Amino acid sequence: MNHIKIIKSEQEHEQAMAHLMSLMDSDPAEGSQQADDLDVLALLIERYEQQQFLMDPPEPIEAIKFRMDQQGLRNKDLIPYIGSAPKVSEILNGTRTLSLNMIRKLNAGLGISADVLIRTPEQKMANKYNIEWMRFPLAVMRKRGYFGDFSGSIQELKEYAEEILSRFLSSVKSGFALQPALLRTSAHLRANDKQTDEYALWAWQVKVLQQANAEVLVTAYKPCTVDKDWLIKLAQLSWSEQGPLLAKEYLNTHGIHLVFEAHLPKTYLDGAVCLHEGGNPVVALTLRHDRLDNFWFTLMHELAHIVLHIDGDDTWFLDDLDVESIDKCEQQADVLAQQALLPVDPIKLELIQDADSVRHLAQQLNVHSCVVAGRLRYERRNHKLFGALFRDKTKLE
(Lines give C-alpha, C1' and ligand atoms only; values in the text may rest on other atoms or scores of the structure.)
Protein backbone atom coordinates (compact mmCIF):
# COMPACT_ATOMS: atom_id res chain seq x y z
CA MET A 1 0.00 0.00 0.00
CA ASN A 2 1.46 3.37 -1.09
CA HIS A 3 2.03 5.94 1.65
CA ILE A 4 0.20 9.23 0.95
CA LYS A 5 2.22 12.38 1.78
CA ILE A 6 2.74 15.99 0.68
CA ILE A 7 4.27 16.15 -2.81
CA LYS A 8 7.58 18.05 -2.91
CA SER A 9 9.27 17.05 -6.17
CA GLU A 10 8.54 16.18 -9.77
CA GLN A 11 9.40 12.54 -9.06
CA GLU A 12 6.92 12.41 -6.18
CA HIS A 13 4.35 14.05 -8.45
CA GLU A 14 4.79 11.30 -11.05
CA GLN A 15 4.48 8.61 -8.36
CA ALA A 16 1.36 10.23 -6.94
CA MET A 17 -0.20 10.43 -10.41
CA ALA A 18 0.50 6.72 -10.97
CA HIS A 19 -1.07 5.89 -7.60
CA LEU A 20 -4.09 8.10 -8.40
CA MET A 21 -4.66 6.32 -11.72
CA SER A 22 -4.38 2.95 -9.97
CA LEU A 23 -6.99 3.94 -7.39
CA MET A 24 -9.33 5.28 -10.07
CA ASP A 25 -9.01 2.02 -12.03
CA SER A 26 -10.02 0.04 -8.93
CA ASP A 27 -13.26 2.04 -8.68
CA PRO A 28 -13.35 2.02 -4.85
CA ALA A 29 -16.68 1.96 -3.02
CA GLU A 30 -17.84 5.28 -1.56
CA GLY A 31 -16.79 5.64 2.07
CA SER A 32 -14.00 3.07 1.78
CA GLN A 33 -10.39 3.74 2.77
CA GLN A 34 -9.37 3.64 -0.89
CA ALA A 35 -12.00 6.24 -1.80
CA ASP A 36 -10.75 8.52 0.97
CA ASP A 37 -7.15 7.98 -0.22
CA LEU A 38 -8.20 8.91 -3.75
CA ASP A 39 -9.80 12.21 -2.56
CA VAL A 40 -6.78 13.15 -0.43
CA LEU A 41 -4.33 12.28 -3.19
CA ALA A 42 -6.27 14.33 -5.72
CA LEU A 43 -6.12 17.36 -3.41
CA LEU A 44 -2.37 16.95 -2.85
CA ILE A 45 -1.74 16.68 -6.59
CA GLU A 46 -3.89 19.78 -7.26
CA ARG A 47 -2.03 21.74 -4.58
CA TYR A 48 1.36 20.81 -6.01
CA GLU A 49 0.33 21.67 -9.59
CA GLN A 50 -1.07 25.05 -8.55
CA GLN A 51 2.27 25.89 -6.93
CA GLN A 52 4.44 24.59 -9.74
CA PHE A 53 2.40 25.38 -12.84
CA LEU A 54 0.95 28.82 -12.20
CA MET A 55 -1.73 29.63 -14.72
CA ASP A 56 -1.50 32.82 -16.73
CA PRO A 57 -4.03 35.41 -15.62
CA PRO A 58 -7.05 35.67 -17.91
CA GLU A 59 -6.93 38.08 -20.82
CA PRO A 60 -8.67 41.40 -20.05
CA ILE A 61 -11.60 40.77 -22.41
CA GLU A 62 -12.07 37.25 -21.03
CA ALA A 63 -12.13 38.67 -17.50
CA ILE A 64 -14.76 41.25 -18.46
CA LYS A 65 -16.97 38.65 -20.20
CA PHE A 66 -16.63 36.30 -17.23
CA ARG A 67 -17.79 39.04 -14.86
CA MET A 68 -20.67 39.86 -17.21
CA ASP A 69 -21.76 36.20 -17.10
CA GLN A 70 -21.45 36.14 -13.31
CA GLN A 71 -23.61 39.23 -12.83
CA GLY A 72 -25.94 38.74 -15.80
CA LEU A 73 -24.78 41.96 -17.46
CA ARG A 74 -25.43 42.95 -21.05
CA ASN A 75 -23.28 45.14 -23.29
CA LYS A 76 -25.27 48.25 -22.45
CA ASP A 77 -24.47 47.75 -18.75
CA LEU A 78 -20.80 48.45 -19.50
CA ILE A 79 -21.47 51.93 -20.92
CA PRO A 80 -20.85 53.70 -17.54
CA TYR A 81 -17.40 52.13 -17.43
CA ILE A 82 -16.36 52.29 -21.10
CA GLY A 83 -18.17 55.36 -22.41
CA SER A 84 -20.61 54.48 -25.18
CA ALA A 85 -22.32 51.53 -26.85
CA PRO A 86 -19.97 51.55 -29.89
CA LYS A 87 -16.94 51.61 -27.60
CA VAL A 88 -18.29 48.69 -25.59
CA SER A 89 -18.69 46.67 -28.79
CA GLU A 90 -15.21 47.60 -29.96
CA ILE A 91 -13.68 46.61 -26.62
CA LEU A 92 -15.46 43.26 -26.48
CA ASN A 93 -14.61 42.33 -30.08
CA GLY A 94 -10.98 43.39 -29.67
CA THR A 95 -10.83 46.33 -32.11
CA ARG A 96 -10.25 48.88 -29.35
CA THR A 97 -7.93 48.60 -26.37
CA LEU A 98 -8.86 49.49 -22.82
CA SER A 99 -7.63 52.86 -21.61
CA LEU A 100 -6.39 53.30 -18.05
CA ASN A 101 -9.45 55.41 -17.32
CA MET A 102 -11.70 52.53 -18.41
CA ILE A 103 -9.63 50.08 -16.38
CA ARG A 104 -10.01 52.12 -13.21
CA LYS A 105 -13.78 52.36 -13.69
CA LEU A 106 -14.10 48.61 -14.34
CA ASN A 107 -11.98 47.90 -11.30
CA ALA A 108 -14.05 50.18 -9.06
CA GLY A 109 -17.47 49.33 -10.51
CA LEU A 110 -17.21 45.62 -11.30
CA GLY A 111 -14.38 44.59 -9.02
CA ILE A 112 -12.19 43.22 -11.82
CA SER A 113 -8.55 43.25 -10.73
CA ALA A 114 -6.54 46.09 -12.25
CA ASP A 115 -3.59 43.70 -12.52
CA VAL A 116 -5.66 41.53 -14.86
CA LEU A 117 -6.78 44.47 -17.01
CA ILE A 118 -3.45 46.33 -17.21
CA ARG A 119 -1.28 44.61 -19.78
CA THR A 120 0.72 47.02 -21.94
CA PRO A 121 4.10 48.43 -20.80
CA GLU A 122 2.74 51.97 -21.24
CA GLN A 123 -0.19 51.26 -18.93
CA LYS A 124 2.04 49.68 -16.30
CA MET A 125 4.43 52.64 -16.44
CA ALA A 126 1.70 55.30 -16.33
CA ASN A 127 -0.06 53.58 -13.44
CA LYS A 128 3.05 53.99 -11.26
CA TYR A 129 3.04 57.77 -11.31
CA ASN A 130 0.74 60.38 -9.83
CA ILE A 131 0.72 62.70 -12.84
CA GLU A 132 -1.94 65.18 -13.94
CA TRP A 133 -1.97 63.91 -17.51
CA MET A 134 -4.54 66.41 -18.81
CA ARG A 135 -2.23 69.29 -17.90
CA PHE A 136 0.04 68.55 -20.84
CA PRO A 137 -0.67 70.81 -23.88
CA LEU A 138 -2.00 67.84 -25.85
CA ALA A 139 -3.40 69.72 -28.84
CA VAL A 140 -0.18 71.64 -29.49
CA MET A 141 1.98 68.58 -28.91
CA ARG A 142 -0.14 66.61 -31.38
CA LYS A 143 0.10 69.38 -33.97
CA ARG A 144 3.89 69.55 -33.56
CA GLY A 145 4.31 65.80 -34.06
CA TYR A 146 5.34 64.98 -30.50
CA PHE A 147 3.46 61.67 -30.67
CA GLY A 148 5.09 60.22 -33.76
CA ASP A 149 2.70 58.28 -35.95
CA PHE A 150 -0.37 58.87 -33.80
CA SER A 151 -3.13 59.92 -36.22
CA GLY A 152 -6.21 59.80 -33.99
CA SER A 153 -8.49 62.66 -33.06
CA ILE A 154 -7.87 64.99 -30.15
CA GLN A 155 -10.66 63.17 -28.28
CA GLU A 156 -8.88 59.83 -28.76
CA LEU A 157 -5.65 61.46 -27.62
CA LYS A 158 -7.33 62.60 -24.42
CA GLU A 159 -8.89 59.18 -23.87
CA TYR A 160 -5.55 57.40 -24.14
CA ALA A 161 -3.42 60.29 -22.88
CA GLU A 162 -1.83 58.34 -20.04
CA GLU A 163 -0.63 55.56 -22.29
CA ILE A 164 0.52 57.83 -25.14
CA LEU A 165 2.26 60.31 -22.85
CA SER A 166 3.88 57.50 -20.90
CA ARG A 167 5.34 56.17 -24.15
CA PHE A 168 6.51 59.70 -25.04
CA LEU A 169 8.14 60.31 -21.64
CA SER A 170 9.83 56.92 -21.51
CA SER A 171 11.38 57.50 -24.95
CA VAL A 172 14.30 59.18 -23.16
CA LYS A 173 16.12 57.84 -20.12
CA SER A 174 15.31 60.76 -17.81
CA GLY A 175 11.79 61.40 -19.13
CA PHE A 176 9.90 60.73 -15.91
CA ALA A 177 12.65 62.26 -13.75
CA LEU A 178 11.94 65.65 -15.34
CA GLN A 179 8.45 65.91 -13.88
CA PRO A 180 7.81 69.33 -12.29
CA ALA A 181 7.90 68.23 -8.65
CA LEU A 182 11.44 66.92 -9.13
CA LEU A 183 12.60 69.61 -11.54
CA ARG A 184 11.94 72.42 -9.05
CA THR A 185 14.73 71.07 -6.86
CA SER A 186 17.28 70.30 -9.59
CA ALA A 187 16.97 72.93 -12.34
CA HIS A 188 17.87 76.59 -12.68
CA LEU A 189 14.88 78.33 -14.22
CA ARG A 190 15.41 81.91 -15.35
CA ALA A 191 11.84 83.01 -15.91
CA ASN A 192 9.65 86.11 -15.90
CA ASP A 193 6.81 86.96 -13.55
CA LYS A 194 4.32 85.08 -15.71
CA GLN A 195 3.35 81.61 -14.55
CA THR A 196 5.40 79.07 -16.47
CA ASP A 197 3.41 76.04 -17.63
CA GLU A 198 5.44 73.30 -15.94
CA TYR A 199 3.90 70.49 -17.96
CA ALA A 200 4.58 72.25 -21.26
CA LEU A 201 8.16 72.83 -20.12
CA TRP A 202 8.45 69.13 -19.22
CA ALA A 203 7.22 68.08 -22.67
CA TRP A 204 9.66 70.48 -24.36
CA GLN A 205 12.61 69.07 -22.43
CA VAL A 206 11.75 65.51 -23.42
CA LYS A 207 11.43 66.58 -27.07
CA VAL A 208 14.87 68.21 -26.89
CA LEU A 209 16.39 65.01 -25.51
CA GLN A 210 14.67 63.01 -28.26
CA GLN A 211 16.38 65.20 -30.83
CA ALA A 212 19.72 64.77 -29.09
CA ASN A 213 19.22 60.99 -29.14
CA ALA A 214 18.65 61.13 -32.88
CA GLU A 215 21.82 63.14 -33.60
CA VAL A 216 25.10 61.33 -34.20
CA LEU A 217 28.08 63.24 -32.79
CA VAL A 218 31.50 63.06 -34.41
CA THR A 219 33.19 62.61 -31.05
CA ALA A 220 32.58 62.37 -27.33
CA TYR A 221 32.79 65.60 -25.35
CA LYS A 222 36.05 66.18 -23.52
CA PRO A 223 35.80 68.16 -20.28
CA CYS A 224 37.20 71.71 -20.41
CA THR A 225 36.84 71.84 -24.22
CA VAL A 226 34.74 74.98 -23.94
CA ASP A 227 36.56 78.04 -22.60
CA LYS A 228 36.60 81.74 -23.39
CA ASP A 229 39.03 81.42 -26.31
CA TRP A 230 36.95 78.58 -27.76
CA LEU A 231 33.83 80.76 -27.51
CA ILE A 232 35.54 83.68 -29.24
CA LYS A 233 36.58 81.40 -32.11
CA LEU A 234 33.00 80.14 -32.37
CA ALA A 235 31.62 83.69 -32.40
CA GLN A 236 33.75 84.49 -35.43
CA LEU A 237 31.66 82.05 -37.46
CA SER A 238 28.87 84.61 -37.18
CA TRP A 239 30.28 86.70 -40.04
CA SER A 240 28.75 84.17 -42.47
CA GLU A 241 25.07 84.12 -43.41
CA GLN A 242 25.40 80.36 -42.80
CA GLY A 243 26.81 81.02 -39.34
CA PRO A 244 24.11 79.15 -37.38
CA LEU A 245 24.60 76.00 -39.46
CA LEU A 246 28.38 76.33 -39.16
CA ALA A 247 27.95 76.67 -35.40
CA LYS A 248 25.93 73.45 -35.26
CA GLU A 249 28.65 71.63 -37.20
CA TYR A 250 31.37 73.16 -35.02
CA LEU A 251 29.65 72.05 -31.81
CA ASN A 252 29.01 68.59 -33.20
CA THR A 253 32.72 68.06 -33.97
CA HIS A 254 33.48 68.88 -30.33
CA GLY A 255 30.89 66.51 -28.86
CA ILE A 256 28.12 69.03 -28.16
CA HIS A 257 24.52 68.65 -29.35
CA LEU A 258 22.89 71.82 -30.73
CA VAL A 259 19.12 71.35 -30.97
CA PHE A 260 16.52 73.74 -32.37
CA GLU A 261 13.06 73.23 -30.87
CA ALA A 262 10.35 75.91 -30.79
CA HIS A 263 9.08 76.75 -27.34
CA LEU A 264 5.64 75.57 -26.25
CA PRO A 265 2.98 78.05 -25.08
CA LYS A 266 3.60 79.58 -21.65
CA THR A 267 7.20 78.39 -21.40
CA TYR A 268 8.82 81.72 -22.39
CA LEU A 269 12.13 80.06 -23.26
CA ASP A 270 15.04 81.27 -25.36
CA GLY A 271 17.41 78.43 -24.63
CA ALA A 272 18.55 75.69 -22.29
CA VAL A 273 21.53 73.48 -21.58
CA CYS A 274 21.93 70.12 -19.87
CA LEU A 275 24.05 66.98 -20.03
CA HIS A 276 22.91 64.08 -22.16
CA GLU A 277 22.87 60.64 -20.53
CA GLY A 278 26.16 59.83 -22.28
CA GLY A 279 27.89 62.90 -20.84
CA ASN A 280 27.70 65.10 -23.93
CA PRO A 281 26.26 68.59 -23.39
CA VAL A 282 22.98 69.47 -25.08
CA VAL A 283 22.32 73.10 -26.00
CA ALA A 284 18.74 73.82 -27.09
CA LEU A 285 17.54 77.04 -28.73
CA THR A 286 13.91 77.96 -29.37
CA LEU A 287 14.55 80.92 -31.74
CA ARG A 288 11.63 82.62 -29.98
CA HIS A 289 13.06 85.97 -31.09
CA ASP A 290 14.26 85.03 -34.54
CA ARG A 291 17.14 87.46 -35.02
CA LEU A 292 20.79 86.73 -35.57
CA ASP A 293 21.94 88.76 -32.59
CA ASN A 294 19.53 86.84 -30.33
CA PHE A 295 20.70 83.52 -31.77
CA TRP A 296 24.35 84.24 -31.07
CA PHE A 297 23.89 85.69 -27.60
CA THR A 298 21.61 82.83 -26.50
CA LEU A 299 24.02 80.25 -27.88
CA MET A 300 26.95 81.90 -26.08
CA HIS A 301 24.97 82.20 -22.87
CA GLU A 302 24.13 78.48 -22.79
CA LEU A 303 27.71 77.52 -23.67
CA ALA A 304 28.92 79.81 -20.89
CA HIS A 305 26.95 77.65 -18.45
CA ILE A 306 29.02 74.69 -19.65
CA VAL A 307 32.23 76.61 -18.91
CA LEU A 308 31.11 77.89 -15.54
CA HIS A 309 28.45 75.71 -13.99
CA ILE A 310 27.78 72.29 -15.49
CA ASP A 311 29.83 69.78 -13.55
CA GLY A 312 28.60 66.35 -14.57
CA ASP A 313 25.24 66.25 -12.80
CA ASP A 314 21.73 66.26 -14.25
CA THR A 315 21.10 69.99 -13.75
CA TRP A 316 19.23 71.93 -16.42
CA PHE A 317 19.63 75.66 -17.05
CA LEU A 318 16.40 76.98 -18.63
CA ASP A 319 16.58 80.59 -19.74
CA ASP A 320 14.22 83.40 -20.64
CA LEU A 321 16.80 86.01 -21.60
CA ASP A 322 14.22 88.81 -21.62
CA VAL A 323 14.52 88.66 -17.84
CA GLU A 324 17.09 90.61 -15.85
CA SER A 325 18.24 87.93 -13.46
CA ILE A 326 19.72 88.46 -10.01
CA ASP A 327 20.92 84.84 -9.95
CA LYS A 328 24.72 84.77 -9.72
CA CYS A 329 25.06 81.90 -12.21
CA GLU A 330 22.95 83.73 -14.77
CA GLN A 331 24.87 86.98 -14.35
CA GLN A 332 28.17 85.14 -14.78
CA ALA A 333 26.92 83.47 -17.96
CA ASP A 334 25.69 86.82 -19.32
CA VAL A 335 29.10 88.43 -18.78
CA LEU A 336 31.06 85.60 -20.38
CA ALA A 337 28.68 85.48 -23.35
CA GLN A 338 29.08 89.22 -23.93
CA GLN A 339 32.87 89.07 -23.64
CA ALA A 340 33.10 86.17 -26.08
CA LEU A 341 30.82 87.76 -28.67
CA LEU A 342 32.41 91.20 -28.57
CA PRO A 343 35.89 91.09 -26.98
CA VAL A 344 36.27 94.86 -27.11
CA ASP A 345 36.74 97.75 -24.69
CA PRO A 346 33.28 99.02 -23.57
CA ILE A 347 34.46 102.58 -24.21
CA LYS A 348 34.92 101.71 -27.87
CA LEU A 349 31.33 100.54 -28.01
CA GLU A 350 30.10 103.79 -26.50
CA LEU A 351 31.65 105.71 -29.40
CA ILE A 352 29.58 103.95 -32.05
CA GLN A 353 26.73 106.13 -33.24
CA ASP A 354 25.97 105.16 -36.85
CA ALA A 355 25.60 102.15 -39.13
CA ASP A 356 29.01 102.56 -40.76
CA SER A 357 30.70 102.38 -37.35
CA VAL A 358 28.77 99.17 -36.61
CA ARG A 359 30.00 97.60 -39.84
CA HIS A 360 33.57 98.73 -39.25
CA LEU A 361 33.78 97.23 -35.74
CA ALA A 362 32.13 94.02 -36.93
CA GLN A 363 34.77 93.71 -39.64
CA GLN A 364 37.55 94.31 -37.14
CA LEU A 365 36.25 91.60 -34.80
CA ASN A 366 35.31 89.25 -37.65
CA VAL A 367 31.70 88.94 -36.43
CA HIS A 368 28.35 89.72 -38.02
CA SER A 369 27.24 93.36 -37.85
CA CYS A 370 23.93 92.18 -36.31
CA VAL A 371 25.90 91.03 -33.26
CA VAL A 372 27.35 94.49 -32.73
CA ALA A 373 24.03 96.26 -33.33
CA GLY A 374 22.17 93.88 -31.04
CA ARG A 375 24.62 94.53 -28.21
CA LEU A 376 24.24 98.28 -28.61
CA ARG A 377 20.43 98.09 -28.65
CA TYR A 378 20.53 96.03 -25.45
CA GLU A 379 22.97 98.27 -23.58
CA ARG A 380 21.28 101.50 -24.62
CA ARG A 381 17.79 100.10 -23.96
CA ASN A 382 16.77 101.30 -27.40
CA HIS A 383 15.35 98.55 -29.59
CA LYS A 384 14.63 101.05 -32.39
CA LEU A 385 18.31 101.91 -32.76
CA PHE A 386 19.47 101.69 -36.41
CA GLY A 387 15.89 101.26 -37.58
CA ALA A 388 15.35 98.28 -39.88
CA LEU A 389 19.10 97.71 -40.32
CA PHE A 390 20.90 94.74 -38.74
CA ARG A 391 17.78 92.69 -38.06
CA ASP A 392 18.65 89.58 -40.08
CA LYS A 393 16.76 86.35 -39.42
CA THR A 394 18.41 83.08 -38.46
CA LYS A 395 18.99 80.86 -41.49
CA LEU A 396 18.89 77.14 -40.78
CA GLU A 397 18.69 75.84 -44.35
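Counting from 1, residues in each chain are numbered in the order their sequence is written. A pLDDT threshold of at least 70 governs which residues receive local features in this predicted model, and a stricter bar of 80 or more applies before side-chain atom pairs are shown or counted, although totals over entire chains, interfaces and linings include all residues. Calculated side-chain values reflect all of the structure's heavy atoms, with hydrogen atoms and water omitted.

A. View of the pairing of strand S4 (residues 281-285). A 1.4 Å probe rolled over the protein chains alone gives each residue an accessible area, and that area as a share of the maximum for its type sets the label: buried under 20%, exposed over 50%, partly exposed in between. Strands are runs of DSSP state E lasting at least two residues, helices are runs of H or I lasting at least four, and both sets are numbered from the N terminus onward. Most of S4 sits inside the fold, with five of its five residues counted as buried. Residue alternation in S4 divides its side chains into two sets, Pro281, Val283 and Leu285 and Val282 and Ala284, and both sets are buried. The pairing of strand S2 (residues 257-260) with S4 spans four bridges and is parallel. Residue pairing across strands places His257 opposite Val282, the latter belonging to S4. Connecting strand S3 (residues 271-275) to the antiparallel partner S4 that follows it, the hairpin turn spans five residues, and Gly279 within it adopts a positive phi of roughly 100 degrees. Strands were regarded as paired on the criterion that DSSP finds at least two bridges between them.

B. Spotlight on the side chain of Glu159. With respect to the element layout, Glu159 can be found in helix H10 (residues 154-159). The class for Glu159 is buried, based on a relative accessible area of 15%. Apart from residues no more than four positions distant in its own chain, Glu159 is found in contact with Lys87, Arg96, Ser99 and Met102. Contacts were defined at the residue level, with two residues in contact if any of their heavy atoms lie within 4.5 Å.

C. Region of interest: the pattern of salt bridges. Between Lys or Arg on one side and Asp or Glu on the other, a salt bridge is scored when a side-chain nitrogen of the former is within 4 Å of a carboxyl oxygen of the latter. This structure, assessed with the given rule, holds 19 salt bridges. The shortest N-O distance in the salt bridge between Asp293 and Arg291 comes to 3.2 Å. Asp293 gets classed as buried once you look at its relative accessible area, which sits at 12%. Looking at Arg291, the relative accessible area reads 26%, which means it is partly exposed. Three or more residues are tied together by salt bridges with common partners; here these are Lys87, Glu90, Arg96 and Glu159.

D. Geometry of the packing of helix H14 (residues 228-235) against helix H17 (residues 328-341). Axis separation between H14 and H17 bottoms out at 8 Å; the angle between their running directions is 55 degrees. By the criterion of interaxial angle, the relationship of H14 to H17 is oblique. Our pair here, H14 against H17, has a crossing hand that is right-handed. Facing H14, whose interface residues are Lys228, Leu231, Ile232 and Ala235, H17 presents Leu336, Gln339, Ala340 and Leu341. All residues other than Ala, Val, Leu, Ile, Met, Phe, Trp, Tyr, Cys, Pro, Asp, Glu, Lys and Arg, Gly among them, are scored as polar; the first ten of these are nonpolar and the last four charged. Class assignment for the residues of the contact of H14 with H17 results in six nonpolar, one polar and one charged. Axis definition: a line fitted to C-alpha atoms, over the contacting stretch in the case of helices. Angles run 0 to 180 degrees between N-to-C directions. Here roughly perpendicular refers to angles of 65 to 115 degrees, roughly parallel to angles under 35, roughly antiparallel to angles over 145, and oblique to all remaining angles. Here a crossing is taken to be left-handed if its near helix is turned anticlockwise relative to the far helix by less than a right angle, and right-handed if that turn runs clockwise.

E. Expanded view of the environment of Gly374. Assignment of secondary structure puts Gly374 in helix H20 (residues 369-379). Residue classification places Gly374 among the buried positions, given a relative accessible area of 11%. Sequence separation between Gly374 and Glu14 is 360 residues; the distance between their C-alpha atoms is 87 Å.

F. Structural view of the nonpolar core. Nine residue types can take part in a nonpolar core, namely buried Ala, Val, Leu, Ile, Met, Phe, Trp, Tyr and Cys, and a core is a set of them joined through side-chain atoms within 4.5 Å. Counting 58 residues, the largest nonpolar core has Ile64, Leu78, Phe136, Phe147, Trp204, Trp316 and Leu318 as its most contacted members. For this core, the leading source of residues is helix H13 (residues 198-214), giving 10 residues. When neighbours within four sequence positions are excluded, Trp204 is seen to be in contact with Tyr146, Glu261, Ala262, His263, Leu264, Leu269, Ala272, Ala284, Thr286, Trp316 and Leu318. Ranked by size, the runner-up nonpolar core spans 49 residues in total, among them Trp230, Ile232, Ala247 and Val367.

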